[in-house]
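Residue-level listing of the chains:
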Amino acid sequence: MSGGLVDVFFSSSRDVESWEKRFEGGEAPDRWPYGLNRLFDGRVRYEQLQPLSRAQTFSGLLARKRPSVGAGIAWDENVGYRMALSEPREYMASGIVWATDELASRSSPLELAVKRHALRKMDAVWCLSSAQVAPIQSWLNMEGERVHFVPFGVDTSFWSGVEENSEPCIFSVGGDRDRDTETLFRALALIREAMPSVRLRVQTSSTLEPPEGVEVVRYLTHVELRSAYSQSSLVMVATRPNLHVSGMTVSLESGAMRRPVVITGSPGMADYVEDGVTGLITKQGDAAQLAAGALSLLRDPARRAEMGLRARERVTRAHSSVRMADRITQLVGG
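Notes on the structure follow.

1. Considering the packing of helix α10 (residues 287–298) against helix α11 (residues 301–318)
Axis separation between α10 and α11 bottoms out at 6 Å; the angle between their running directions is 105°. Taken as axis vectors, α10 and α11 run roughly perpendicular relative to one another. Side by side, α10 and α11 meet where Ser296, Leu297 and Leu298 of the first sit next to Pro301, Arg303, Arg304 and Met307 of the second.

2. With respect to the packing of aromatic side chains
The final tally for this structure, using the stated rule, is nine aromatic pairs. Seen from their ring centres, Trp32 and Tyr46 are 5.4 Å apart, and the 90° between their planes marks the pair as edge-to-face. Residue Trp32 is located in the loop between α1 (16–24) and β2 (44–49), and its partner Tyr46 is located in strand β2; the two are separated by 14 residues in the primary sequence. Of the residues examined, Tyr46 reaches a relative accessible area of 27% and is grouped as partly exposed. Centroid distance Phe158 to Trp159: 4.9 Å. Interplanar angle 80°. Geometry classified as edge-to-face. On the basis of relative accessibility, which here comes to 7%, the residue Phe158 falls in the buried class. Since its relative accessible area comes to 1%, Trp159 is described here as buried. Among the aromatic residues, those joined into a cluster by ring pairs are Tyr34, Trp75, Trp126 and Phe152. The lysine or arginine in question, Arg226, covers the ring of Phe158, its NZ or CZ lying 4.2 Å from the ring centre.

3. A word on the nonpolar core
Formed by 48 residues in total, the largest nonpolar core has its most connected members in Leu39, Trp75, Trp126, Phe152 and Tyr229. When residues no more than four places from it in sequence are discounted, the contact partners of Leu39 are Val8, Val44, Ile73, Ala325, Ile328 and Thr329. Ranked by size, the runner-up nonpolar core spans 25 residues in total, among them Tyr81, Leu112, Met122 and Val133.

4. Considerations on the sheet that holds strand β7 (residues 169–173)
Pairing within the open sheet is parallel, and its six strands lie in the order β9-β8-β7-β10-β11-β12. What marks the edges here is a single partner per strand, and that holds for β9 (214–217) and β12 (279–282). Averaged over all adjacent pairs, the angle separating strand axes in this sheet is 20°, with direction ignored. In this structure, strand β11 (residues 261–264) lies alongside β12, joined through four bridges in parallel fashion. The residue of β12 that forms the bridge with Val261 is Gly279. Sitting on the sheet, helix α9 (residues 248–256) is in contact with β7, β10 (234–237) and β11, with an inclination near 175° to β10.

5. Remarks on helix α5 (residues 109–119)
By the burial criterion, the buried members of α5 are Leu112, Val114, Lys115, Ala118 and Leu119. Angular distribution of buried residues about the axis of α5 spans 160°; they occupy a single face of the element. Exposed and facing more than 90 degrees away from the buried side of α5 are Pro109 and Leu110. Contacts from the buried residues of α5 go to α2 (54–62), α3 (77–86), β4 (91–95), α4 (99–105), β5 (124–127) and α6 (133–140).

6. Topic: the sheet that holds strand β6 (residues 147–149)
Strand order in the open sheet made by the six strands is β2-β1-β3-β4-β5-β6, with parallel pairing throughout. This sheet does not close on itself; its edge strands, each paired only once, are β2 and β6. Neighbour-to-neighbour, the strand axes of the sheet open up by a mean angle of 25°, direction not taken into account. For strand β1 (residues 6–11) and β2, the ladder comprises six bridges, and the chain directions are parallel. Among the inter-strand pairings, Asp7 is bridged to a residue of β2, identified as Arg45.

Rules of the game
- Residues numbered from 1 in each chain as written.
- Predicted model: local features only at pLDDT ≥ 70, side-chain atom pairs only at ≥ 80, totals over all residues.
- Heavy atoms only, no water.
- Axes fitted to C-alpha atoms, helices over the stretch in contact; angles between N-to-C directions.
- Helix = DSSP H or I, 4+ residues; strand = E, 2+ residues; numbered from the N terminus.
- Parallel < 35°, antiparallel > 145°, perpendicular 65-115°, else oblique.
- Contact = heavy atoms within 4.5 Å.
- Phe/Tyr/Trp six-rings, centres within 6.5 Å; stacked < 30°, edge-to-face > 60°.
- Buried < 20%, exposed > 50% of the residue type's maximum accessible area, 1.4 Å probe, protein only.
- Lys NZ or Arg CZ within 6 Å of the ring centre and 35° of its normal.
- Core = buried A, V, L, I, M, F, W, Y, C linked by side-chain atoms within 4.5 Å.
- Pairing = 2+ DSSP bridges.
- Arc of directions from axis to C-beta.

Any functional reading would require information that these geometric values do not contain.
Next up, the structure:
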């Protein structure tokens, strides 16, 4: 694939223009979400797609021919299938994030069938977890060379800093549907009991009542989030079983900030956290183990600092948004 600009598609709910303005003001990482502006050495333009009407969906499903020119890229399957049905290009590629867990839960079978039909039109698809490759190949009935694992990456220039409060502080962030707030709160209660002086901060949209002494904030801007990472001693995340590696973004952002993460394991988590080297991976649903891991690092500043340094090195080497964009560009023939 060569020549011309590549169209990068986003959902209409993603305000790319505002994101660019925040980036220019130093208030957001990467010029576009996920650093997709870096694809094809910047030979890209963004397009935004509205949700499809029923008529558009049926028309797209029945279409037999694709245009003879152009290339289109979508970050995830929710945008990718819209692109394939309403704005097809000669060459198309899409990421797949959520579908493997939706398949496992048997949710929305009709919607998944539509997405499957559309995504099979892709010349290449990628996922962010090595554990998703086989399920995607099976679901789409695609041969191996069309399904790729691409490690996620973050803006290592934006996520950078070494400041740390003198008081011990644990910070937790994230609100996707696979976060396990109940286990997180139980672990934080155990930590507070063992070490009353530790500051406990959580960004979450959960309505669960937090334990005594836990500070909860509902929303943080990127700049506020960076500050929260920098003021923490370590970052802690609890998740439920999933294949899309819930918590990977936090593990990379905090790692880039030289903060080790204590996180519950899921298939693919080892793609992002090297257990005992850049962080600690614990059993899902095990609040006691999660708490014990965090306490061990709080009580050993030298080990914590070494893990943070190793985490920063790993993220800059293997998980920058520059590296991720290069991999996507290569796999789609750029």
